[in-house]
Every structure is written in C-alpha cells, then in structure tokens.
Amino acid sequence: MLKYYDPQVNELIKQEEARQASTIRLIPSENYVSQNVMQATGSCLTNKYAEGYPNKRYYEGQQVTDLIEDLAKQRAGDVFRAPHVNVQSYSGSIANMAAYLALADPGDTIMGLSLPDGGHLTHGWKVSATGKVFKSVQYPVNYDTDLFDYDQIAEIAKENKPKILIAGTSAYPRKIDFKAFRKIADEVGAYLVCDIAHIAGLVAGGAHESPMEVADVVTTTTHKSLRGPRGALVMCREEFAKAIDKAVFPGMQGGPHMHTISGIAVAMKEAGTESFKEYAHQVVKNAKALGEKLQEYGFKLVTGGTDNHLLLLDMRSKNISGKKMAKALDRAGIVTNCNTVPNDPAPPFNPSGVRIGTPAVTTRGMKESDMGEIAEMINDTADNLEDLQAIDRIGKRVRFFCSRFPLPKSFIHSEE
C-alpha cells in the first residue's frame, strides 16, 4: 500500500484531498469525479498499451481494450448524438490540433476567438502551436456589450477567408449561437469546428444548445462540466471520421491511455442519466443566483450576467486587481482564477478579472440559497483585502460551510 511504501506521497495526496474537501472550488474547469470514475482510472488498464484502434492494433492482447474503447465511443455518441467519436486524445489541446490537421494544411488560415476576450490558447493564439502551425486570425467580442457580434465576426471571416472557423470559449458567460457560426462558415467556405470543452456537461444535460447538427467537428474535454477524467473527445460527421482518427493517431500521439478511456466510459454512462440532466440545469441556476447576489454587492459582471456555468468579474468595479483578489480568495479557501476581461488594459499575468464557475459546488449538492452565502464571503474578502486576520476568519467560515457538503462518492445511487 502507498502509505507504507511512500508515506510522503501518500501524505501529500491526503493533504490535497483535505484541501479539496475544505475549500469552495469555483474554478469553472474543475470538478469532482465519482468513485466509479476514480476506480476505473486507477485500474489495471494503466498497465496496457493499445496503440492503434479497435480491431486494428499494433500490439496483441487487445481482447478487452477493444471492447472498452468501443463502449466509450458508443456511450459518448449516444450522449452527444454524434455519428463518429474518437476517445483517444490525451487532452483538449491535442483534440483541437487534431481537428485542425484533419481539415486543413499547415499554413492555412484558422479563425477563433481572441484569448484576452475569452478564447483559448488552442484557438490559434500566437504562443500556442496552433498559432505557429497555422495562420491565425482572431475575432473579438463587441466591446460595448462584451457579447459576440456575429455581423462583425462575419465581416472578419469574409476579409480573411479562413479554412476553419472555430466556435468555442474558455471565459464567455453567455450561450453560443452555433447556427450563426454555421451560417458564417458557409458564407466563406470554411469548416466549422466547435470546442465545447467548458459547456459539454451543459450540452449533455440539455442546458445548452448542442452544435452537433451544424458543426463539421466538435471537440471537448471530458472533465470540467462533463465530470469525467482528464481526457478528450473528437466528434464529427462520418465523412470526416477517417481523417480525424488519422490526425489523432498517428498524427498527434501514440498509444491511448486505456485507464482514462475506461473512466470516460463510466462518465458517459453517468452523463446519460436523469440525475445528470438535473445536475446540468442546477449548474446554470447556481451560476445565475451567484451572479445576481454578487451584483447586489456591487461587483461588475462581464456581459451583465450568465447563461451558463461561469461568471467573469471585472474587479475594476472594486478597484482591485484580478490577481490580488484571486490570491486573497485562495487564502480564504475560495478557489478561483484571475482572468483577462474583454479589452483589458492590464497585463495577462495581473489582469482585471476573476473567473468563477459553479460545476464543482453543484456536484457537492449546493443550491441557489447556498450561492448567497458564497457571494457574501466573496464580498467580505474584497472588503478586507489587506486584513489577513479577517481573511483567516473568513477561511474558518468557509471550512465550516464546506463541512455541510461532503465530497461525492457516487452520482447514480438511485439508478444503480
């Protein structure tokens, strides 16, 4: 057992578990997996190498791994109504690059949301490989509303004629009109890639529109709001299936992580339940309730609110930098991340915003009324930013608050 062989690592793991249990986790990309998913990802499948695809492997001994991968693909296809699913990508970053390589050639133009305006590194930002392999064009949000301006996006697309148009975000608190993106893509002859990494759980649970019917390729991570292990999916129409599979393997990586794929299979079973649908809608209810309470305390919300799982606070309304606020919240046991806001005058490492979300707290069973308490503790932290004793007192309140919501074990007791 680990505690006897390597007590130091065992102790650090215990400390991390205690930290996760005693803090309010508001990072939108973090969540808790069930013990079922944890058991699958920690199984003997860690030992198995399975380079290739089911029934076409480069190693022998694949009698079971083929069945597991096919099961994961089937379940993900059922959840997202996807004609073809690749479950092998190690991460969302690899999934995105594979999608681009399947549809375009190096040097072709791709077009995605600007990182400072809520996009992701892998949507063509200059420091990412996606911005080095491909010619990258970025579209902003409308700085008067902080919302997507689809007419403006269309004009940029017509001017630059991208081979791929990317619809996806990492810090955009409103619903995405995927049909509007499809129309723009058709007007300029572009492929449409939709990255739903943040909202995949909401899509699976019916709390956000699905892009599956209009997109050429859909990518997502399997954690975040989807509440699975750290992996990814690439979903597409059948006409792109061979190109996608070839881009993932051997294009981007070698043998898949079968222990992760087994965890994805379990997570997809959970995502197909009624209780998961209830969870997805509760995530949105909680985000809206938290946003409303924060506005009552004078916080400015980018776009004025949220339609999904996250909120973006513009801390200039409190004359506090995003980094300073995030650090103070972390000391109090409220875990967030600093983030740029649209048209942010501050540097990226010390931006003006703080990004928060409700997937993890909803998993622990918190409801709208609990969001009021969280908002109050966030406000108290902002009001006592320089008072470390006051921050520590808030921390004690946070720990007591968290003790009412034990870490989850299984999400499907009633349906087992």
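What you are looking at is a predicted structure, and each value in this text was computed from that prediction instead of being measured.

Calculation notes
Residues numbered from 1 in each chain as written. Predicted model: local features only at pLDDT ≥ 70, side-chain atom pairs only at ≥ 80, totals over all residues. Heavy atoms only, no water. Helix = DSSP H or I, 4+ residues; strand = E, 2+ residues; numbered from the N terminus. Rg over C-alpha atoms; globule rule 2.2 N^0.38 Å. Buried < 20%, exposed > 50% of the residue type's maximum accessible area, 1.4 Å probe, protein only. Contact = heavy atoms within 4.5 Å. Areas by Shrake-Rupley, 256 points an atom, 1.4 Å probe, with all protein chains shown as cover. Lys, Arg positive; Asp, Glu negative; His and termini not counted. Charge placed at Lys NZ, Arg CZ, Asp CG, Glu CD. Domains from an automatic or database assignment. Buried area = accessible area lost by both parts, 1.4 Å probe. Pairing = 2+ DSSP bridges. Right-handed = clockwise from strand over helix to strand, strands pointing away. Phe/Tyr/Trp six-rings, centres within 6.5 Å; stacked < 30°, edge-to-face > 60°. Lys NZ or Arg CZ within 6 Å of the ring centre and 35° of its normal. 1 Å grid on protein atoms, 1.4 Å probe; cavity = no way out; pocket = protein on both sides within 12 Å on 5 of 7 lines; lining within 4 Å. Points joined across faces, edges and corners; volume = space filled by probe spheres on them. Axes fitted to C-alpha atoms, helices over the stretch in contact; angles between N-to-C directions. Left-handed = near helix turned anticlockwise from the far one by under 90°. Patch = residues over 30% accessible without salt bridge, like charges linked within 9 Å, V, L, I, M, F, W, Y side chains within 5 Å. Salt bridge = Lys/Arg side-chain N within 4 Å of Asp/Glu carboxyl O. UniProt positions renumbered as here; feature names shortened; annotations may be inferred. Core = buried A, V, L, I, M, F, W, Y, C linked by side-chain atoms within 4.5 Å.

Quick notes on the overall build of the protein chain
Phase 1 of the analysis: Helix and strand counts for the protein chain come out as 16 helices and 15 strands.
Phase 2 of the analysis: Here the C-alpha atoms of the protein chain give a radius of gyration of 21 Å, agreeing with the 22 Å that 2.2 N^0.38 yields for 416 residues.
Phase 3 of the analysis: Out of the 416 residues in the protein chain, the part that is buried amounts to 57%.
Phase 4 of the analysis: A separation of at least 24 residues holds for 72% of the contacts in the protein chain among residues at least 6 apart in sequence.
Phase 5 of the analysis: Summing over all exposed atoms, the protein chain offers an accessible surface of approximately 18,000 Å²; the carbon and sulfur share of this is 51%.
Phase 6 of the analysis: Once the 48 positive and 50 negative side-chain charges of the protein chain are each reduced to a mean point, those two points are 3 Å apart.

Regarding the domain arrangement of the protein chain
Phase 1 of the analysis: For the protein chain, the assigned domains read domain 1 (37-272) and domain 2 (274-404).
Phase 2 of the analysis: Distance between the C-alpha centres of domain 1 and domain 2: 28 Å.
Phase 3 of the analysis: Taken together, the 28 residues of domain 1 in the interface contact 26 residues of domain 2.
Phase 4 of the analysis: Both faces considered, domain 1 and domain 2 share a buried interface measuring about 2,300 Å² in area, 58% of it formed by carbon and sulfur atoms.
Phase 5 of the analysis: Together, P173, R174 and R227 form the three largest contributors to the area buried by domain 1 at its contact with domain 2, with a combined 28%.

Things to note about the pairing of strand β7 (residues 164-168)
Phase 1 of the analysis: Among the five residues that make up β7, five are buried, leaving the element largely enclosed by the rest of the structure.
Phase 2 of the analysis: When strand β5 (residues 109-113) meets β7, the two strands line up parallel, connected through two bridges. Looking across to β7, one finds that I110 is bridged to I164.
Phase 3 of the analysis: Taken together, the five bridges between β7 and strand β8 (residues 191-195) define a ladder with parallel strand orientation. Note that in β8 the partner of I166 across the bridge is V193.
Phase 4 of the analysis: A crossover links β7 with its parallel partner β8, the connecting element being helix α8 (residues 178-188), and its sense is right-handed.

Structural notes on the packing of aromatic side chains
Phase 1 of the analysis: Counted according to the given criterion, the structure contains 13 aromatic pairs.
Phase 2 of the analysis: Note on F148 and Y150: the rings are 5.9 Å apart at their centroids and 70° apart in plane angle, and the pair reads as edge-to-face.
Phase 3 of the analysis: Assessed through its relative accessible area of 8%, F148 is described here as buried.
Phase 4 of the analysis: Taken together, the ring pairs in this structure connect Y139, F148, Y150, Y172 and F181 into an aromatic cluster.
Phase 5 of the analysis: Residue placement shows K318 over the ring face of F299; its charged tip is 4.6 Å from the ring centre.
Phase 6 of the analysis: Positioned above the aromatic ring of F349 is the side chain of K323, whose terminal nitrogen or guanidinium carbon lies 4.2 Å from the ring centre.

Examining the layout of surface pockets
Phase 1 of the analysis: Here the second largest pocket defines a volume of roughly 250 Å³.
Phase 2 of the analysis: Considering the residues around the second largest pocket, the lining is formed by G52, Y53, P54, K56, Y58, K73, H84, K242, D245, K246, F249 and P250.
Phase 3 of the analysis: Those elements that provide at least two residues to the lining of the second largest pocket are β2 (52-53) and α10 (241-252).
Phase 4 of the analysis: Of the residues forming the lining of the second largest pocket, the biggest block, five residues, is contributed by α10.

Notes on the sheet that holds strand β10 (residues 232-236)
Phase 1 of the analysis: Reading across from one edge, β4-β10-β9-β8-β7-β5-β6 is the order of the seven strands in this open sheet, with mixed pairing throughout. Strand pairing shows two members of the sheet lacking a second neighbour, β4 (84-86) and β6 (135-139), which therefore form its edges. Sheet twist, expressed as the mean angle between neighbouring strand axes with direction ignored, is 20°.
Phase 2 of the analysis: Summarising the sheet, strand β9 (residues 217-221) and β10 pair through five bridges and their orientation is antiparallel. Bridge pairing links T220 to L233 in β10.

Comments concerning the packing of helix α4 (residues 63-80) against helix α11 (residues 258-271)
Phase 1 of the analysis: One way to put it is that α4 packs onto α11 with a least axis distance of 8 Å and a crossing angle of 35°. For the element pair α4 and α11, the recorded crossing hand is left-handed. In this structure, α4 contributes T65, I68, E69, A72, R75, A76, V79 and F80 to the contact, and α11 contributes M258, I261, S262, A265, V266, M268, K269 and A271.

Let's talk about a nonpolar patch on the surface
Phase 1 of the analysis: Side chains of L2, V9 and I13 sit close together on the surface and give an oily, nonpolar patch of about 230 Å² of accessible area.
Phase 2 of the analysis: Tracing the chain through its elements places I13 in helix α2 (residues 7-22).
Phase 3 of the analysis: Here I13 falls in the partly exposed class, since its relative accessible area comes to 46%.

As for the UniProt feature "modified residue: N6-(pyridoxal phosphate)lysine" (unreviewed entry) in the protein chain
Phase 1 of the analysis: As recorded in UniProt, the sites labelled "modified residue: N6-(pyridoxal phosphate)lysine" (unreviewed entry) are K224.
Phase 2 of the analysis: Residue placement: K224 occurs in the loop between β9 and β10.
Phase 3 of the analysis: Take K224: its relative accessible area is 11%, and that puts it in the buried class.
Phase 4 of the analysis: Among residues more than four places away in sequence, those in contact with K224 are P28, S29, N31, A197 and H198.

Notes on unusual backbone geometry
Phase 1 of the analysis: With an omega of 10°, the peptide bond between F249 and P250 qualifies as cis.
Phase 2 of the analysis: Even without being glycine, N55 reaches a positive phi, approximately 70°.
Phase 3 of the analysis: Despite not being glycine, T303 shows a phi value in the positive range, around 70°.
Phase 4 of the analysis: Residue T303 is classed as buried on the basis of its relative accessible area of 16%.

Side note on the nonpolar core
Phase 1 of the analysis: Of all hydrophobic cores here, the largest spans 59 residues; its most connected members are F80, Y139, F148, L165, F181 and L233.
Phase 2 of the analysis: No other element matches α11, which puts seven residues into this core.
Phase 3 of the analysis: Counting contributing residues, this core receives three or more from each of domain 1 (37-272) and domain 2 (274-404).
Phase 4 of the analysis: Not counting residues up to four positions away in its chain, the partners in contact with Y139 are M111, G112, L113, S114, F148, I153, I156, L165, I166, A167, G168 and F181.

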